[in-house]
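The residues making up each chain are set out below.
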Amino acid sequence: MKEQDKERTYEDIINLPHHVSAVHPPMPLSDRAAQFAPFAALTGYGEVIKETARQTDRKPELTEDEKQALDYKLQMAVSLPGEKPVVTVTYFVPDGKKAGGSYHRIRGKIRKTDTDSGKLIMENGEQIELDLVVDIHIGST
């Protein structure tokens with residue numbers, strides 16, 4: 001079909017206004033998109049994409065000097081005479097689904113360090129693995 005023939009075919013309707021029903025209200029865009037959802041070829045694929053895109057941090061590798069400084073801070077926090085000081089402990093939590101994890105902070109007082117199980121036990125009962133502790137800050141801030 002030639003270009004001129006194509007234009008003549010739709011000549012009578014090409015400049016008409018878009019039809020809007022007087023009886024039916026227009027469908028919201030979200031509903032229009034949802035009507036195609038049952039045709040999703042791969043169910044669960046969206047969740048896989050979200051999980052893949054989720055960012056994780058790498059597990060820290062502390063040097064021997066950093067480990068010694070951390071051990072010193074821990075000994076200071078536990079062995080200070082009188083009431084135990086408030087500390088802020090930054091530690092790494094491995095991700096259960098993929099490589100890496102995230103950093104968490106907890107503020108409170110240390111009840112004790114259990115070297116047999118390798119855990120730092122806070123007064124609120126939370127237990128943190130000593131190998132995952134990245135920093136300890138002694139003080140109120």
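Being a predicted model, the structure only gives us computed values, none of them experimental. (Residues numbered from 1 in each chain as written. Predicted model: local features only at pLDDT ≥ 70, side-chain atom pairs only at ≥ 80, totals over all residues. Heavy atoms only, no water.)

Draft legend 1. Geometry of the overall build of the protein. When its secondary structure is counted, the protein shows four helices and five strands. In the protein, the order of α-helices and β-strands from amino to carboxyl end is α-α-α-α-β-β-β-β-β. For the protein, whose C-alpha radius of gyration is 31 Å, the value lies well above the compact-globule estimate of 14 Å for 141 residues. In terms of its C-alpha atoms, the protein occupies a principal-axis envelope of roughly 95 × 35 × 25 Å. By the burial criterion, 16% of the 141 residues in the protein qualify as buried. Nonlocal contacts in the protein, meaning residues at least 24 apart in sequence, comprise 52% of its contacts between residues at least 6 apart. Averaging the locations of the 19 positively and 23 negatively charged side chains of the protein gives two centres separated by 2 Å. (Helix = DSSP H or I, 4+ residues; strand = E, 2+ residues; numbered from the N terminus. Rg over C-alpha atoms; globule rule 2.2 N^0.38 Å. Buried < 20%, exposed > 50% of the residue type's maximum accessible area, 1.4 Å probe, protein only. Contact = heavy atoms within 4.5 Å. Lys, Arg positive; Asp, Glu negative; His and termini not counted. Charge placed at Lys NZ, Arg CZ, Asp CG, Glu CD.)

Draft legend 2. Structural detail: the pattern of salt bridges. One pass over the structure, following the stated rule, counts three salt bridges. In this structure, the salt-bridge partner of Glu64 is Lys67, at a minimum N-O distance of 3.8 Å. In this pair, Glu64 and Lys67 are both assigned in helix α4 (residues 64-79), three residues apart and thus about one turn of the helix distant. Given a relative accessible area of 54%, Glu64 falls into the exposed group. The partner of Lys109 in a salt bridge is Glu83, and the shortest N-O contact between them spans 2.2 Å. (Salt bridge = Lys/Arg side-chain N within 4 Å of Asp/Glu carboxyl O.)

Draft legend 3. Highlighting the pairing of strand β3 (residues 119-122). Two strands pair when backbone bridges link them, and strand β2 (residues 101-114) and β3 are joined in this way by four bridges, in the antiparallel orientation. The residue of β3 that forms the bridge with Lys112 is Ile121. Connecting the antiparallel pair β2 and β3 is a turn made up of four residues, with Gly118 showing a positive phi of about 70 degrees. Pairing geometry for β3 and strand β4 (residues 127-129), over three bridges, is antiparallel. Paired with Lys119 across the bridge in β4 is Glu129. (Pairing = 2+ DSSP bridges.)

Draft legend 4. Structural detail: the side chain of Thr90. Residue placement: Thr90 occurs in strand β1 (residues 86-94). Relative accessible area serves as the criterion here: at 11%, Thr90 is assigned to the buried category. Polar side-chain contacts of Thr90 include one of 3.2 Å to the side chain of Arg105. Once you skip the residues sitting within four places of it in the chain, Thr90 turns out to touch Tyr103, His104, Arg105, Leu132, Val133, Val134 and Asp135. (Polar contact = N/O pair within 3.5 Å; in protein donor to acceptor, adjacent residues only side chain to side chain.)

Draft legend 5. Representation of the confidence of the model for the protein. Per-residue pLDDT for the protein averages 83, and the proportion of residues at 70 or more is 90%. No element of the protein has a lower mean pLDDT than helix α1 (residues 3-9), at 68, and none a higher one than β4, at 92. (pLDDT = per-residue confidence, 0-100.)

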